[in-house]
Amino acid sequence: MDEAEQDRVFAEAMHRFGPALARMARGYEADPDLRRDLEQDVQVALWQSFAHFDGRCALSTWVWRVAHNRATSHMLAHRRRNAPGWASLDDIEIADAAPSPFDAAESGQAMMLILSIVARLDPPDRQILLLYLEGVTGAEIAAVTGVSPDVAAARIHRFKTMLTRRFAAGEAP
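Residues numbered from 1 in each chain as written. Predicted model: local features only at pLDDT ≥ 70, side-chain atom pairs only at ≥ 80, totals over all residues. Heavy atoms only, no water.

1. Quick notes on the confidence of the model for the chain
- Model confidence for the chain is summarised by a mean pLDDT of 82, while 80% of its residues fall at 70 or above.
- Overall, residues 94-106 carries pLDDT values under 50, and its contacts beyond four positions in sequence, including any with other chains, amount to 15 contacts. (pLDDT = per-residue confidence, 0-100. Contact = heavy atoms within 4.5 Å.)

2. Some points on the pattern of salt bridges
- One pass over the structure, following the stated rule, counts 8 salt bridges.
- In this structure, Glu12 and Arg8 form a salt bridge, with 3.3 Å as the shortest nitrogen-oxygen distance. Residue Glu12 and its partner Arg8 are located together in helix α1 (residues 3-28), separated by 4 residues, close to a single helical turn. (Salt bridge = Lys/Arg side-chain N within 4 Å of Asp/Glu carboxyl O. Helix = DSSP H or I, 4+ residues; strand = E, 2+ residues; numbered from the N terminus.)

3. Some points on the packing of aromatic side chains
- Throughout the structure, instances matching the rule amount to 3 aromatic pairs.
- Between Phe50 and Phe53, the ring centres sit 5.9 Å apart and the planes meet at 80 degrees, which makes this aromatic pair edge-to-face. Each of the two residues, Phe50 as well as Phe53, counts as buried.
- Between the aromatic rings of Phe53 and Trp62, the centroid separation amounts to 5.1 Å while the plane-to-plane angle is 65 degrees, which identifies the pairing as edge-to-face. An identical accessibility class is assigned to Phe53 and Trp62; each is buried. (Phe/Tyr/Trp six-rings, centres within 6.5 Å; stacked < 30°, edge-to-face > 60°. Buried < 20%, exposed > 50% of the residue type's maximum accessible area, 1.4 Å probe, protein only.)

4. Notes on the side chain of Asp125
- Checked against the element boundaries, Asp125 lands in helix α7 (residues 123-133).
- The exposure class of Asp125 is buried, given its relative accessible area of 5%.
- Of note is the side chain of Asp125, whose polar atom sits 2.6 Å from the side chain of Arg155. (Polar contact = N/O pair within 3.5 Å; in protein donor to acceptor, adjacent residues only side chain to side chain.)

5. As for the side chain of Ser60
- Relative to the assigned elements, Ser60 resides in helix α3 (residues 59-77).
- A relative accessible area of 12% places Ser60 in the buried class.
- Within the structure, Ser60 has its side chain in polar contact with the side chain of Glu140 (distance 2.3 Å).
- Ignoring sequence-local partners within four residues, the contact set of Ser60 consists of Phe17 and Glu140.

6. Focus on helix α8 (residues 138-145)
- Turning to α8, its buried residues are Glu140, Ile141, Ala142, Val144 and Thr145.
- As for α8, its buried residues are in contact with α3, α7 and α9 (149-166).
- The first or second residue beyond α8 is Gly146, which carries a positive phi of 85 degrees.

See below:
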């Protein structure tokens, strides 16, 4: 692919996925300055990757795969800062036994709670759930993450069950 075509595909990807990529960065990085760095790193990685994009997969699959791989690399590079708070999806309810600060909060803040839970997850679980929250299909999540559709569906189901219990007091995300 020549550079003009690379620029065109990048512009299309940013038009279609730019806001979703910003939300994804928010799910991976809480610090605003580091989040902006991550967003720029993702954009650079995407532009560079389009030199090798041959259309064998959907543009959305390519974009999510590159973006989540770059975000995971970002997290691993900052592991010392982030690692102590990570937990697997299976352990999050045990690690979250304290009363929710959200019990008395307004439902408009529910997404902040969801993102705070997602931010504590291991990178593979985080990747699946951020894609799910963006409305990416289970089959595409499996293609992006490399897990089977059944594994992706099971992780999503566990997350939804945990959120249902969390918001059972009458607040819905």
